[in-house]
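# Survey of secondary and tertiary structure
In case you want the letters, here they are:
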Amino acid sequence: MPDQYLTSTDDFEAVLAEAPSVLTVTDGELIIRFVSPAIERVLGYDMESLVGTNWLDLVHPEDAERVRATLAGEREDDGTEYRFRNADGDWAWLETIVSADTETDRDCRVFTSRDVSDRPRFEARFHQFVTHTSDVLTVFDEQGSVEYISPSVERVLGYQQDEMEDSDLFEYVHPDDLSTALTEFGRMIDDPGYVAVIEHRYRHADGDWIWAESRGQQVASGPLEDHVVVTTRDISERKQREQELKRQNQRLERFSDAISHDLRNPLDVLDGSLELARETDEDAHFERAERSIDRMYTLIDDLLVLAKQGVDPAETEIVDLNTLSQRAWSMVDTQDATLEIHADDSIKADEGAMLELLENLFRNAIEHGGDDVTVTVGTESWGFYVTDDGAGFHDGTADLFKPGYSTADDGTGFGLCIVEQIVDAHNWEVIATDSESGGARFEFICRNS
């Protein structure tokens, strides 16, 4: 007889002892008639000690009825997982498969059992991972319907897990990003090797739009074959940093343009005045040189503000516009001008940046509206406004916020540019228009107040 065949009972028992599963034969009442030697290695019992005992006596009480129904053939499935007491008295998880060849007419039950204790621990760790990870894990079918979404969706996006399953997640994508999202999903379906990475806006449960990054690929084999698995994470903070970096680069560009252009004029005047002063020794040329130096100091102060101005969203707070307006007014040479305040509401802003904004607006109103101009600060449901009864915008408002633009002889042209920069840093909007009295009116739409 060839070597590969078992030649004795000892050989057969050796195979059963090393088998990954325990073979068990019971009668109709689940009294054990035979159990294979693997029971000692898997659960720690001597095989002879279990013969004559009831299998259910070692099953966890909460699982006993389900196990009895499976082993008795009363359930459609032929397998089950349950807790079983091992020789040390601990609960192990078993997976038991009932033999299809069991002959119930002979009052016999045949089944195999293997230790799967690691599986519940793995499932528990996996559940913790998908619940607490910063990513949302989603499984789509080929039509784009959600078959599974991880519990982390509640923490990341604010939605309940059962609310999102079987839903159309594309309905939550921003309309401007929807076309790209659908195109990329189609590519994943058509090309199983394609990995899609897209950034898009997603509607949070609170109604706000957040920036998200989704990365997905079609599964080529296994239980999820032909499905698309996508991980999604909130990248709003990263996008905010990118936008702030973009604004900083724009400020630096403005700063470099101003350095190369606006400082050159007073430098040229200073150079020419000093040359004439040396030649003629006349005081008028020295005085002109001093005025150029003063203008350069003023320009440098404004340019430094322009270069450094920024707002950290974490530093914004609720500020009293009434008190802030009075403080800013006290820092400006107001001459005979008058300040009126109709600010009933507070706003959320960076206090230092707001002081800079108000000071520039007040200074601008006095420079262009005259020594006795009346400036009014007030609040509306959409934000706040600063208006005056001065001369208004004779040349329109198109160039108001451009660096270096000014209609005043001694203006630097950076005051309103700084105002616009502070507005951008707060993610607000500013509108320049005529006031009811014919002067200037600046309206500030505060989206985050």
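Residue indices follow the written sequence of each chain, beginning from 1 at its first position. Reporting of local features is limited, given that this is a predicted model, to residues whose pLDDT is at least 70; pairs of side-chain atoms are given and counted only at 80 or more, and all residues count toward the totals for whole chains, interfaces and linings. To get the side-chain values, take all heavy atoms of the structure and skip hydrogens and water.

By the naming in an unreviewed UniProt entry, the protein chain is histidine kinase, taken from Haloarcula argentinensis. The Catalytic activity (unreviewed entry) field of the UniProt record for the protein chain holds the comment "ATP + protein L-histidine = ADP + protein N-phospho-L-histidine." UniProt positions are given in the numbering used here, feature names are shortened, and annotations may be inferred rather than shown by experiment.

Moving on: the packing of aromatic side chains. Aromatic ring pairs are reported here in terms of the distance separating the ring centres and the angle at which the planes meet. Side-chain rings of Phe, Tyr and Trp, where Trp is taken by its six-membered ring, are said to pair if the distance between their centres is within 6.5 Å; with planes under 30 degrees apart they count as stacked, over 60 as edge-to-face, and otherwise as tilted. Tallied over the full model, the rule gives 11 aromatic pairs. Geometrically, the ring pair formed by Tyr82 and Phe84 is edge-to-face, given 6.5 Å between the ring centres and 70° between the ring planes. Pair check on accessibility: Tyr82 and Phe84 agree, each one buried. Look at Tyr172 and Tyr202: their rings are 5.9 Å apart centre to centre, the planes differ by 10°, and that puts the pair in the stacked class. Placement of the pair is Tyr172 in the loop between α7 (161-164) and α8 (175-190) and Tyr202 in strand β8 (residues 196-203), with a sequence separation of 30 residues. Side by side, Tyr172 and Tyr202 carry an identical accessibility label, which is buried. Cation placement over rings: the criterion is NZ of Lys or CZ of Arg within 6 Å of the ring centroid and within 35° of the ring normal. Taking the ring centre of Tyr194 as reference, the NZ or CZ of Arg187 above it sits at 3.8 Å. The residue whose ring lies beneath Lys239 is Trp211, and the NZ or CZ to ring-centre distance is 4.4 Å. Residue burial is assigned from relative accessible area. The probe radius is 1.4 Å, only protein chains are included, and a residue is buried under 20% of its type maximum, exposed over 50%, and partly exposed in between. Secondary structure elements are defined from DSSP: runs of H or I of at least 4 residues count as helices, runs of E of at least 2 residues count as strands, and each element is numbered from the N terminus.

As for its position among the elements, Glu62 is in the loop between α3 (47-50) and α4 (64-71). Judged by relative accessible area, which is 64%, Glu62 ranks as exposed. Between the C-alpha atom of Glu62 and that of Arg83, which follows or precedes it by 21 residues, the distance is 8.8 Å. In the analysis that follows, any N or O atom pair within 3.5 Å is treated as a polar contact, provided that within protein one partner can donate a hydrogen and the other can accept it, and provided that, for residues neighboring in sequence, both atoms belong to side chains. Only 3.3 Å separates the side chain of Glu62 from the side chain of Arg83, close enough to count as a polar contact.

Let's shift gears to unusual backbone geometry. Within the chain, Leu30 stands out as a residue other than glycine whose phi angle is a positive 70°. Structurally, Leu30 can be placed in the loop between β1 (22-27) and β2 (32-35). For Leu30, a relative accessible area of 4% gives the class buried. Backbone geometry places Asp281, a non-glycine residue, at a positive phi of 60°. Secondary-structure assignment places Asp281 in the loop between α10 (264-280) and α11 (283-308).

On to the nonpolar core. Side chains that are nonpolar tend, in soluble globular proteins, to be buried together. Ranked by size, the top nonpolar core spans 37 residues in total, and within it Phe384 and Phe444 carry the most contacts. Those elements giving two or more residues to this core turn out to be α12 (321-330), β13 (347-349), α13 (351-369), β14 (374-380), β15 (383-388), α14 (415-425), β16 (429-434) and β17 (440-445). Working rule for contacts: check all heavy atoms of both residues, and any pair within 4.5 Å makes them a contact. Residues within four places of Phe384 in sequence aside, it is in contact with Leu321, Ile347, Met354, Leu357, Gly378, Thr379, Trp428, Phe442, Glu443, Phe444 and Cys446. Note on terminology: a nonpolar core comprises buried Ala, Val, Leu, Ile, Met, Phe, Trp, Tyr and Cys residues joined through side-chain atoms within 4.5 Å. Judged by nonpolar contacts, the second largest core, of 24 residues, contains Tyr172, Ala181, Ile210 and Ala212.

By definition, a salt bridge exists where a carboxyl oxygen of Asp or Glu is found within 4 Å of a side-chain nitrogen of Lys or Arg. Per the stated rule, a full pass over the model turns up 16 salt bridges. Across the salt bridge formed by Asp135 and Arg233, the nearest N and O atoms sit 2.9 Å from each other. You can see Asp135 sitting in strand β6 (residues 135-140) and its partner Arg233 sitting in strand β10 (residues 228-234), a full 98 residues away along the chain. Taking the relative accessible area as the measure of exposure, Arg233 reaches 38% and is therefore partly exposed. Linked through salt bridges whose partners overlap, the residues forming this network are Glu199, Glu213, Arg238, Lys239 and Glu242.

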